Amino acid sequence: MRFSVFPAGATPDAVVTVCVGEACASEAGADGELTADDVDELLSSLVDKSLLQPLADGARLRMLETIREFGAEKLAGRGEVGELRRRHAAHYTALMLEAAPRLLTRDQLSWLARVRADRDNVLAALHYWCDAGEADSALSLAIALSIMALLLGADADTAEWTGEALAVPGDADPGLRAIAEAVHLVTSVLDSSAATLTAPAGRPELTGQLDAIDIEKYPIAGLLRPVYALFIKDDGRVREYLEQARGVGDEWLSAAAWLMTAGLAENYGQVDEARFHAAEAVKRFRVLGERWGLSMALRTIGNIAALDGELDDAVTAY
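Conventions adopted
Residues numbered from 1 in each chain as written. Predicted model: local features only at pLDDT ≥ 70, side-chain atom pairs only at ≥ 80, totals over all residues. Heavy atoms only, no water. Helix = DSSP H or I, 4+ residues; strand = E, 2+ residues; numbered from the N terminus. Buried < 20%, exposed > 50% of the residue type's maximum accessible area, 1.4 Å probe, protein only. Contact = heavy atoms within 4.5 Å. Areas by Shrake-Rupley, 256 points an atom, 1.4 Å probe, with all protein chains shown as cover. Lys, Arg positive; Asp, Glu negative; His and termini not counted. Charge placed at Lys NZ, Arg CZ, Asp CG, Glu CD. Axes fitted to C-alpha atoms, helices over the stretch in contact; angles between N-to-C directions. Parallel < 35°, antiparallel > 145°, perpendicular 65-115°, else oblique. Left-handed = near helix turned anticlockwise from the far one by under 90°. Expected span 1.5 Å × (residues − 1). Arc of directions from axis to C-beta. Core = buried A, V, L, I, M, F, W, Y, C linked by side-chain atoms within 4.5 Å. Salt bridge = Lys/Arg side-chain N within 4 Å of Asp/Glu carboxyl O. Nonpolar A, V, L, I, M, F, W, Y, C, P; charged D, E, K, R; others polar. Phe/Tyr/Trp six-rings, centres within 6.5 Å; stacked < 30°, edge-to-face > 60°. Polar contact = N/O pair within 3.5 Å; in protein donor to acceptor, adjacent residues only side chain to side chain.

A.B. asks: Give me the lowdown on the overall build of the protein chain, citing residues and values where you can.
C.D. replies: Helix and strand counts for the protein chain stand at 16 helices and 2 strands. With respect to the three principal axes, the spread of C-alpha positions in the protein chain is 75 × 45 × 40 Å. Counting the 318 residues in the protein chain, one finds 45% classified as buried. Relative to all contacts within the protein chain whose residues are 6 or more apart in sequence, the contacts with residues 24 or more apart total 62%. Accessible surface for the protein chain amounts to roughly 15,500 Å². Of this, 53% is attributable to carbon and sulfur atoms. Of the charged side chains in the protein chain, 29 are positive and 50 negative, and the gap between their average positions amounts to 2 Å.

Below, the structure written as structure tokens:
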């Protein structure tokens with residue numbers, strides 16, 4: 001019954017975290033409580049009865065949807081749904097907040113596989129915070145999810161998730177809300193068809209809020225600020241933001257700022273400047289071992305080599 005709270009299945013560790021505790025009383029143990037020591041045996045028993053199915057290497061288990069619906073119905077009769085959903089949301093929010101910065105490191109592929117496997121669990125957590133009216137948690141999770149979506153090119157998903165979180169009333173960190181609003185505006189535009197693509201209207205209050213964000217605390221905002229300024233055609237802020245981002249201590253943000261500076265120079269036909277900044281971005285992303293940024297930087301190198309007529313070098317970069 002408790003396992004039914006996982007829409008994407010779960011690992012045994014997640015089952016222990018969500019389904020075991022004083023808040024989840026059960027007849028399983030002699031003292032009336034399910035304990036962590038009971039979990040492996042109970043999961044094996046459910047697999048033997050074909051109520052759970054192991055996935056891949058057996059590290060994850062899932063429940064057929066019809067069985068899950070039946071379990072959820074029975075769980076509702078026990079009065080445990082609210083507490084279990086909250087524990088579930090807290091667990092997968094913590095997972096996504098841990099994953100977000102690691103997605104921008106050399107461990108990117110393993111963390112991306114992990115959060116993609118739990119995508120529906122993380123989205124269930126987002127929906128829980130939205131339904132519960134907990135704006136701060138909803139915004140934090142939506143922004144963390146946007147990093148996964150960035151790597152996958154899923155602008156429509158980002159626009160949807162940040163839109164849901166922004167619709168939750170109540171107190172929230174102003175910096176989080178400003179980041180989410182800017183992400184929502186930009187990704188909504190990127191998700192538009194080419195025929196209707198228009199830059200978002202500048203909002204002085206949002207621009208001021210983005211100016212005030214500590215990009216050392218929120219590195220993703222350091223990349224978002226020049227993107228937003230580019231969309232509202234504020235060239236002065238674009239250059240100011242990029243200069244600030246290149247000089248921060250966060251190595252990924254600095255590398256991303258060098259890359260964006262190269263792209264900007266390429267757009268203006270400043271090929272020598274673009275070449276210099278792209279080479280610096282490649283060097284920094286190689287040190288980090290971050291594949292998404294490196295691939296973007298190498299594409300820029302290839303574009304510049306093609307402009308130079310160095311087609312073999314362009315092929316190598318691509």
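Resuming the write-up.
A.B. asks: A description of the packing of helix H8 (residues 155-166) against helix H9 (residues 174-190) should follow, citing residues and the corresponding values.
C.D. replies: Between H8 and H9, whose axes approach to 8 Å, the crossing angle comes to 140°. The angle between the axes of H8 and H9 places the two elements in the oblique class. For the element pair H8 and H9, the recorded crossing hand is left-handed. Contact with H8, carried on its side by Asp 155, Thr 158, Ala 159, Thr 162, Gly 163 and Leu 166, involves Arg 177, Ala 180, Glu 181, Val 183, His 184, Thr 187, Ser 188 and Leu 190 of H9 and no other residues of that element.

A.B. asks: Give me the lowdown on helix H12 (residues 235-246), citing residues and values where you can.
C.D. replies: With 12 residues, H12 ought to run about 16 Å at 1.5 Å a step, and its terminal C-alpha atoms sit 17 Å apart, in line with that. For H12, the set of buried residues is Val 238, Tyr 241, Leu 242 and Ala 245. Along the axis of H12, the buried residues cluster in a sector spanning 100°; they form a single face. The elements touched by buried residues of H12 are helix H10 (204-212), helix H11 (219-231) and helix H13 (251-267).

A.B. asks: Tell me what's going on with the nonpolar core, and back it up with residues and numbers.
C.D. replies: Of all hydrophobic cores here, the largest spans 94 residues; its most connected members are Phe 3, Phe 6, Met 96, Leu 103, Leu 145, Trp 252 and Phe 285. When residues of this core are assigned to their parent elements, the largest contribution, 12 residues, is made by helix H7 (residues 135-152). Discounting chain neighbours no more than four positions away, the residues touching Phe 285 are Trp 252, Ala 255, Ala 256, Leu 259, Glu 290, Gly 293, Leu 294 and Ala 297. In this structure, Ala 262, Ala 265, Ala 274 and Ala 278 belong to the second largest nonpolar core, which totals 5 residues.

A.B. asks: Go over the pattern of salt bridges, please, and point to the residues and values.
C.D. replies: The tally for this structure, following the rule as stated, stands at 15 salt bridges. Between Glu 80 and Arg 78 there is a salt bridge whose closest N-O contact spans 3.1 Å. For Asp 157, the salt bridge goes to Arg 119, with nearest N and O atoms at 3.3 Å. Taken together, the residues Asp 157 in helix H8 and Arg 119 in helix H6 (residues 119-132) connect sequence positions 38 residues apart. Overall, Asp 157 belongs to the partly exposed group, its relative accessible area being 24%.

A.B. asks: An account of the packing of H12 against H13 is needed here, citing residue identities and associated values.
C.D. replies: Across the interface, H12 lies against H13 with an axial gap of 8 Å and an inter-helix angle of 145°. Every pair of crossing elements has a handedness; the one defined by H12 and H13 is left-handed. Of H13, the residues touching H12 (which contributes Val 238, Arg 239, Leu 242, Ala 245 and Arg 246) are Leu 253, Ser 254, Ala 257, Trp 258, Met 260, Thr 261 and Leu 264. Of the residues contributing to the contact of H12 with H13, the split by class is 8 nonpolar, 2 polar and 2 charged.

A.B. asks: Requested: an account of the packing of aromatic side chains, with residues and values cited.
C.D. replies: Summed over all chains, the structure comprises 4 aromatic pairs. Taking the centre distance of 5.3 Å and the plane angle of 55° together, the rings of Phe 3 and Phe 6 count as tilted. Here Phe 3 matches Phe 6 in class, with each residue buried. When the ring of Trp 258 is compared with that of Phe 276, the centres are 5.9 Å apart and the planes differ by 70°; the resulting orientation is edge-to-face. You can see Trp 258 sitting in helix H13 and its partner Phe 276 sitting in helix H14 (residues 271-288), a full 18 residues away along the chain. In textbook terms, an aromatic cluster arises when at least three aromatic residues are bridged by ring pairs, as seen for Phe 3, Phe 6 and Tyr 92.

A.B. asks: Can you break down the side chain of Glu 80 residue by residue, with the values?
C.D. replies: On the secondary structure map, Glu 80 appears in the loop between helix H3 (65-78) and helix H4 (81-102). Within polar-contact distance, the side chain of Glu 80 engages the side chain of Arg 78 at 3.1 Å.

A.B. asks: I'd like a rundown of the environment of Asp 313, residues and numbers included.
C.D. replies: Assignment of secondary structure puts Asp 313 in helix H16 (residues 311-317). Taking the relative accessible area as the measure of exposure, Asp 313 reaches 46% and is therefore partly exposed. Sequence separation between Asp 313 and Ile 215 is 98 residues; the distance between their C-alpha atoms is 36 Å.

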